[in-house]
Amino acid sequence: MSLLAANSHSMSEEEIDEYSDGTVKLRNANIELMDQDILYHLALGSESHDLHEMFGDVKFVCMGGTPKRMENFAHFIMNEIGYKLPAGTMLQDISEFSYRYSMYKVGPVLCVSHGMGAPSVSILMHEMIKLMYHAKCQEPIFIRIGTCGGIGVEGGTVIITEGALDAQLRNSQEFTILGKTVQRPAKLDEKLARELKSLASHDDPYDTIIGKTLCTNDFYEGQGRLDGAFCDFTEADKMAYLEELRDHGVVNIEMESTIFAALTHHAGIKAAVVCVALLNRLNGDQVNAPKEVMNEWQQRPQTLVSRYIRKVLAQKGQLKNMFGHQGLFGHQGSIKSPRRFKLVQQESQAHE
Ligand SMILES: O=P(O)(O)O[C@H]1O[C@H](CO)[C@@H](O)[C@H]1O
Ligand SMILES: O=c1cc[nH]c(=O)[nH]1
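Residues numbered from 1 in each chain as written. Chains lettered and ligands numbered in written order. Predicted model: local features only at pLDDT ≥ 70, side-chain atom pairs only at ≥ 80, totals over all residues. Heavy atoms only, no water.

### Thoughts on the UniProt feature "domain: Nucleoside phosphorylase" (unreviewed entry) in the protein chain
Following the UniProt record, the feature "domain: Nucleoside phosphorylase" (unreviewed entry) maps to residues 59-310 here. Across residues 59-310, helical content stands at 33% and strand content at 27%; the span's end C-alpha atoms are separated by 12 Å. (UniProt positions renumbered as here; feature names shortened; annotations may be inferred. Helix = DSSP H or I, 4+ residues; strand = E, 2+ residues; numbered from the N terminus.)

Right, here's the structure in full:
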């Protein structure tokens, strides 16, 4: 009998949406049969760390391209939800020794950097979904907090993705598995997108809109820029392409939404993408807003997501309960076998 047939946890496309206990299930029966599962790029392991103890309370997984943005978000959300670290402790990058991604935990919120583009996000998503599984997290929600180029929208506009399209305008992500092409739907949670939109305030000094997002594998030629190292098309070609995208309902371009949507959907995890536009691509290609302005713009998706997290926690009556929680320092202390943890670190360093 094949491994998949032998294991009741391998799930069909229909079943995965209907699991009843709220925990994340894996579509891979192999994992349960392994002695240990090393989440190599996170510097964590299912035997070396007590993942349930460390991450079992996670409800929100927020991701964005850069380690600094996610560290800032961790500090921001800590303040927003009134989470207190134990005296004398500070936020730590849990995945520091992977030298790949950064991860900060603030109570029920995990803040993780994902790097640029589909391959980087794909590796992280496999390990994050497995982390949710090992930790037995209940119905975690994944949100990407990103930046993008706007199409017909001004820099500083916040854009919630209602449909993620690949470079051929398909609402899916293409994978090559064992040499074969596989398409998986790039589905985000529509209700979550609407709920996020509803949390935009009339008092916000910027627009928050919902629209389709184009996801490319490149920042330059792939996004129709004239300012890459190479360019074999004219400005008129570029403008015709951007107008075509606009006619299709596309309001922004970035580089991770389809893989993020496809893998969360495949795992039965609700997800959303919220980005801020750094420029209006109809007006140019260079990202040239002053640093301070861009920093303030990048805060905007974080503010929207924090309103959502606060709302959910308030509904659960958990906004104030967090003061008594075990802080991050406590979680860092949940390594089951320090020796194994050292090995994971050494292995990570050896692959640097
Ligand atoms: O701001 P982040 O999250 O990194 O995302 C956007 O910025 C990068 C390009 O500058 C791409 O990864 C794109 O998707
Ligand atoms: O134009 C842009 C800006 C940010 N990120 C992108 O992928 N494209």
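Moving on from the coordinates now.
### Focus on the environment of Tyr133
Locating Tyr133 in the fold gives a position in helix α5 (residues 118-135). With 82 residues separating them in the primary sequence, Tyr133 and Leu51 have C-alpha atoms 9.3 Å apart. Sequence-distant contacts of Tyr133, that is, excluding residues within four places in its chain, are made with Val24, Leu26, Ile31 and Glu32. A distance of 3.3 Å separates the side chain of Tyr133 from the side chain of Glu32, its partner in a polar contact. (Contact = heavy atoms within 4.5 Å. Polar contact = N/O pair within 3.5 Å; in protein donor to acceptor, adjacent residues only side chain to side chain.)

### Observations regarding the pattern of salt bridges
Throughout the structure, instances matching the rule amount to 14 salt bridges. A salt bridge links Lys68 to Glu71, with the shortest nitrogen-to-oxygen separation between them at 3.3 Å. Taken together, the residues Lys68 and Glu71, both in helix α4 (residues 67-80) and 3 residues apart, mark about one turn of the helix. For Arg144, the salt bridge goes to Glu256, with nearest N and O atoms at 3.1 Å. Taken together, the positions of Arg144 in strand β6 (residues 141-150) and Glu256 in the loop between β11 (250-254) and α8 (257-266) put the pair 112 residues apart, joining distant regions of the chain. A residue is classified by how much of its surface remains accessible, and Glu256, at 5% relative accessible area, is buried. Salt bridges sharing partners connect three or more residues here, namely Arg144, Glu254 and Glu256. (Salt bridge = Lys/Arg side-chain N within 4 Å of Asp/Glu carboxyl O. Buried < 20%, exposed > 50% of the residue type's maximum accessible area, 1.4 Å probe, protein only.)

### Some details on the nonpolar core
The nonpolar side chains of a soluble globular protein tend to be buried with one another. Judged by nonpolar contacts, the single largest core of 48 residues is most densely connected at Phe55, Met128 and Leu131. No other element matches the 10 residues that α5 contributes to this core. If sequence neighbours within four positions are ignored, Leu131 has contacts with Leu39, Leu42, Leu44, Leu51, Phe55, Met103 and Leu110. Within the second largest apolar cluster, 41 residues are counted, among which are Met78, Ile143, Leu192 and Leu279. (Core = buried A, V, L, I, M, F, W, Y, C linked by side-chain atoms within 4.5 Å.)

### Some points on the packing of helix α6 (residues 190-198) against helix α9 (residues 291-315)
Packing of α6 against α9 leaves a shortest axis separation of 9 Å and a crossing angle of 105°. Judged by the inter-axis angle, α6 sits roughly perpendicular to α9. Contacts between α6 and α9 pair Leu192, Glu195 and Leu196 from the former with Leu304, Val305, Tyr308 and Lys311 from the latter. Taken together, the residues of the contact of α6 with α9 break down into 5 nonpolar, no polar and 2 charged. (Axes fitted to C-alpha atoms, helices over the stretch in contact; angles between N-to-C directions. Parallel < 35°, antiparallel > 145°, perpendicular 65-115°, else oblique. Nonpolar A, V, L, I, M, F, W, Y, C, P; charged D, E, K, R; others polar.)

### Quick word on the UniProt feature "binding site: substrate" (unreviewed entry) in the protein chain
Per the UniProt annotation, the sites labelled "binding site: substrate" (unreviewed entry) are Gln223 and Arg225. On the secondary structure map, Gln223 appears in the loop between β10 (208-215) and α7 (235-247). Residue classification places Gln223 among the buried residues on the basis of a relative accessible area of 3%. Excluding its chain neighbours within four sequence positions, the residues that come into contact with Gln223 are Thr216, Asp218, Ile253, Glu254, Met255 and Arg281. Along the chain, Arg225 turns up in the loop between β10 and α7. Setting aside its immediate chain neighbours within four residues, Arg225 contacts Phe219, Tyr220, Cys231, Phe233, Leu279, Arg281, Asp285 and Val287.

### Notes on the site of ligand 1
All residues in the neighbourhood of ligand 1 are listed as Gly65, Arg69, His114, Met116, Arg144, Gly146, Thr147, Phe219, Glu254, Met255 and Glu256. Between Arg144 and ligand 1, the recorded distance is 2.6 Å, taken from a side-chain N or O atom to an oxygen atom. The side chain of Thr147 places a nitrogen or oxygen atom 2.5 Å from an oxygen atom of ligand 1. Look at ligand 1: alone it shows 350 Å² of surface, and the protein chains cover 87% of it. A per-element tally of the shell around ligand 1 places β6 first, with 3 residues. For the shell around ligand 1, the class distribution of residues is 3 nonpolar, 4 polar and 4 charged. (Near = heavy atom within 4 Å. Areas by Shrake-Rupley, 256 points an atom, 1.4 Å probe, with all protein chains shown as cover.)

### As for the site of ligand 2
What surrounds ligand 2 is the set Thr147, Cys148, Gly149, Phe219, Gln223, Arg225, Ile253, Glu254, Met255 and Leu279. Here an oxygen atom of ligand 2 and a backbone polar atom of Gly149 are 3.5 Å apart. Gln223 places a side-chain nitrogen or oxygen 2.8 Å from a nitrogen atom of ligand 2. For ligand 2, the accessible surface in isolation is 240 Å², of which the surrounding protein chains cover 93%.

### Here's the deal with the side chain of Asp37
With respect to the helices and strands, Asp37 occurs in the loop between α2 (30-33) and β1 (38-39). At a separation of 2.8 Å, a polar atom in the side chain of Asp37 contacts the side chain of His134. Apart from residues lying up to four places away in sequence, Asp37 is in contact with Ile31, Leu44, Gly45, Ser46, Lys130 and His134.

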